[in-house]
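Chain by chain, the residues run as shown.
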Amino acid sequence: MKKSLTLSLLLGVSLLAADYSGVIEVPDASKIIEKDLLAPVGIYKMPKGCITDDPKAIARGSFMFHNLNGENAKGEAPEGLKKVDAHGKNKQYGNCVACHNIEGAIGGGNIGPDLTAYNDVYVKSGIRDHQFVYQKTADPRVDNPNTNMTVNLTTKLFNEREICDITSYILSPK
Amino acid sequence: MKKGMQIVLCVTLLSSLTFASEQFAMSDADRAMYEELLENNPADMMLAEGSEFLDELGGESALAKYLGVSEDALPSYIAGFPRYIEKFKMVVSIDQMLQGMMHDSGQKPYALKSSEMFNMSSYVKALANDEEINIDVNANKHMKEAYALGKVVFETKRGARGLSCLSCHNPSVIGGILRTQPLPDISAKGNASAATWPAYRMTKSALATLQKRFQGCMNNALLAVIPLGSKEMTALEVYFTDEAKGATIALPGLKR
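Residues numbered from 1 in each chain as written. Chains lettered and ligands numbered in written order. Predicted model: local features only at pLDDT ≥ 70, side-chain atom pairs only at ≥ 80, totals over all residues. Heavy atoms only, no water.

A. Expanded view of the confidence of the model for chain B. All names here are of chain B. Across chain B, the average pLDDT comes to 89, with 89% of residues at 70 or higher. Contacts from residues 1–24, a stretch scored under 50 in pLDDT, to residues over four places away or in other chains number 33 contacts. For this predicted complex, the interface score ipTM comes out at 0.91, while the overall pTM is 0.90. (pLDDT = per-residue confidence, 0-100. Contact = heavy atoms within 4.5 Å.)

B. Molecular detail of a nonpolar patch on the surface. Taken together, the side chains of Val41(A), Ile43(A) and Val142(A) present a nonpolar region at the surface, about 260 Å² in accessible area. Examined against the element boundaries, Val142(A) turns out to sit in the loop between α5 (130–138) and α6 (160–171). (Patch = residues over 30% accessible without salt bridge, like charges linked within 9 Å, V, L, I, M, F, W, Y side chains within 5 Å. Areas by Shrake-Rupley, 256 points an atom, 1.4 Å probe, with all protein chains shown as cover. Salt bridge = Lys/Arg side-chain N within 4 Å of Asp/Glu carboxyl O. Helix = DSSP H or I, 4+ residues; strand = E, 2+ residues; numbered from the N terminus.)

C. Fine view of the sheet that holds strand β6 (residues 206–208) of chain B. Residue and element names in this part refer to chain B. Taken in spatial order, the three strands line up as β6-β5-β7 in an open sheet, and their pairing is mixed. Looking along the sheet, the strands with just one partner apiece sit at the ends: β6 and β7 (253–255). The average undirected angle you get between the axes of adjacent strands in this sheet is 35 degrees. In terms of strand pairing, strand β5 (residues 199–201) meets β7 through three bridges, oriented parallel. The residue of β7 that forms the bridge with alanine 199 is glycine 253. (Pairing = 2+ DSSP bridges. Axes fitted to C-alpha atoms, helices over the stretch in contact; angles between N-to-C directions.)

D. Just a negative patch on the surface, in detail. Residue and element names in this part refer to chain B. Judged by side-chain charge, Glu49, Glu52, Asp55, Glu56, Glu60, Glu71, Asp72 and Glu116 come together as a negatively charged surface patch. Ranked by the residues each element gives to the negative patch, the list is headed by helix α4 (residues 43–56), at four residues. On the secondary structure map, glutamate 116 appears in helix α8 (residues 115–126). Classification of glutamate 116 by relative accessible area gives partly exposed; the value is 31%. (Lys, Arg positive; Asp, Glu negative; His and termini not counted. Charge placed at Lys NZ, Arg CZ, Asp CG, Glu CD. Buried < 20%, exposed > 50% of the residue type's maximum accessible area, 1.4 Å probe, protein only.)

E. Layout of the interface of chain B and chain A. Opposite the 45 residues of chain B that make contact, chain A presents 40 residues. The largest share of the area that chain B buries against chain A comes from Lys157(B), Arg161(B) and Arg179(B), three residues that together contribute 25% of it. Counting across the interface, chain B meets chain A through one salt bridge. In this structure, Arg158(B) and Asp36(A) form a salt bridge, with 2.7 Å as the shortest nitrogen-oxygen distance. Seen at the junction of chain B and chain A, the total is 19 residue pairs in polar contact (both at pLDDT 80 or more). (Buried area = accessible area lost by both parts, 1.4 Å probe. Polar contact = N/O pair within 3.5 Å; in protein donor to acceptor, adjacent residues only side chain to side chain.)

F. Region of interest: the state of the cysteines. All names here are of chain A. Within this structure, the stated rule accounts for one disulfide over all chains. In this model cysteine 50 forms its disulfide with cysteine 164; the gap between the sulfur atoms is 2.2 Å. Every disulfide takes its handedness from the sign of the S-S torsion; for cysteine 50 and cysteine 164 that torsion is -115 degrees, giving left-handed. Of this pair, cysteine 50 sits in the loop between α2 (30–36) and α3 (55–66) while cysteine 164 sits in helix α6; the two residues are 114 residues apart in sequence, bridging distant segments of the chain. Here cysteine 50 matches cysteine 164 in class, with each residue buried. Not engaged in a disulfide, the cysteine cysteine 96 finds its nearest cysteine sulfur in cysteine 99; these two sulfurs lie 8.7 Å apart. (Disulfide = S-S within 2.5 Å.)

G. Expanded view of the pattern of salt bridges. Residues and elements named next belong to chain A. Applying the stated criterion to the full structure yields 13 salt bridges over all chains. Across the pair lysine 124 and aspartate 120 runs a salt bridge whose closest N-O atoms are separated by 3.0 Å. Judged by relative accessible area, lysine 124 falls into the exposed class, the value being 64%. For aspartate 120, a relative accessible area of 47% puts it in the partly exposed group. Bridged by salt links that share partners, the residues Arg60, Arg161 and Asp165 form one connected network.

H. Representation of the side chain of Asp185(B) in the model. All names here are of chain B. With respect to the helices, strands and loops of the structure, aspartate 185 is situated in the loop between β4 (181–182) and α11 (193–196). With no salt bridge to any partner, buried aspartate 185 finds its closest opposite charge in lysine 189, at an N-O distance of 6.3 Å. In this structure the side chain of aspartate 185 is engaged in a polar contact, spanning 2.8 Å, whose partner is the side chain of serine 187. Every residue in contact with aspartate 185, bar those within four places of it in the chain, is listed here: Ile174, Gly190, Asn191 and Ala192.

Shown next as structure tokens:
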């Protein structure tokens, strides 16, 4: 008697224990996150002829520094830079001003150091060199694994040439 | 709805905005809108609609019964979500719990991203107004796992800019300025995000839940947006809610 009662109770419970997996939405996000992960820190050597005083390269660097993306940017993109990427999608820029003040910044942030007069303050004083600025822009984790800064080359947000344009802009007299 | 609490919040918010230096304070037009909306938060109407949806399921008493608590204990129980619910065999947020309840009442559950669900789940969370957040991330192994996963999701750098939530929400950058926006403190000591969401977002003219707000930051910072209700999203909510543990719930919030 007792046994069969326990058994039927157990059965009852297992029959009643509904499976809610088809009722409650629990979509899978693990694959989305996996595909989106950041690659290990990239160490980059500045290519030859990277830093230039070519005004066109500096204009491109400036545009990428000050703007979030093509859709958001006011005015024409400078020669050699598009507002859409190779797939015709809204091209993302550096949005460096979100965190850094620099000459002419509008609404510049203060999460990162002020890059105003960078060449005079940091390079001529011997604290930094061109290779450092290139690497820091490409992948800032090199000297600070816990950096709050964006990763720009390892993520393929930019290519080498674009990193050079941005670096040239930071180092240029303004 | 709970005017006293809203006023306290608004004073804190306004003073923190003023504190963030004049250059970055709200424009006069924004401030005027903010003050007007505080008097009459548009989300109140949305929660009122949510209350009607809950009534169709039998109202608060039916909800209390469904959750196996007394009606008196309901607000404090709600203040502990996300929770592991044995019947569901998973850690769920309020909206997911409501999907289970709708199903068991013979109704087709609202989709997590539907406005009906936003309104109803926000209303239900607001039943816990004036309660302190009492989530217990050590209640059982499921909650422990959810908290640990939430912390990982929070700290994982990803996306086109290689950022994590932590990049912008860590003690060293709180109050710093990111393109004119002061970075908020998500903890109980600061903004206590989990106690102030769902909120009406003035910039979106819409009611947003905490998970929806997470998606906003993912989108802005170019992290691939993960879906509402995913294990990782719920885990992130567990993590944020624990950060705000002890803070008094005051809903609906009013945010930029």
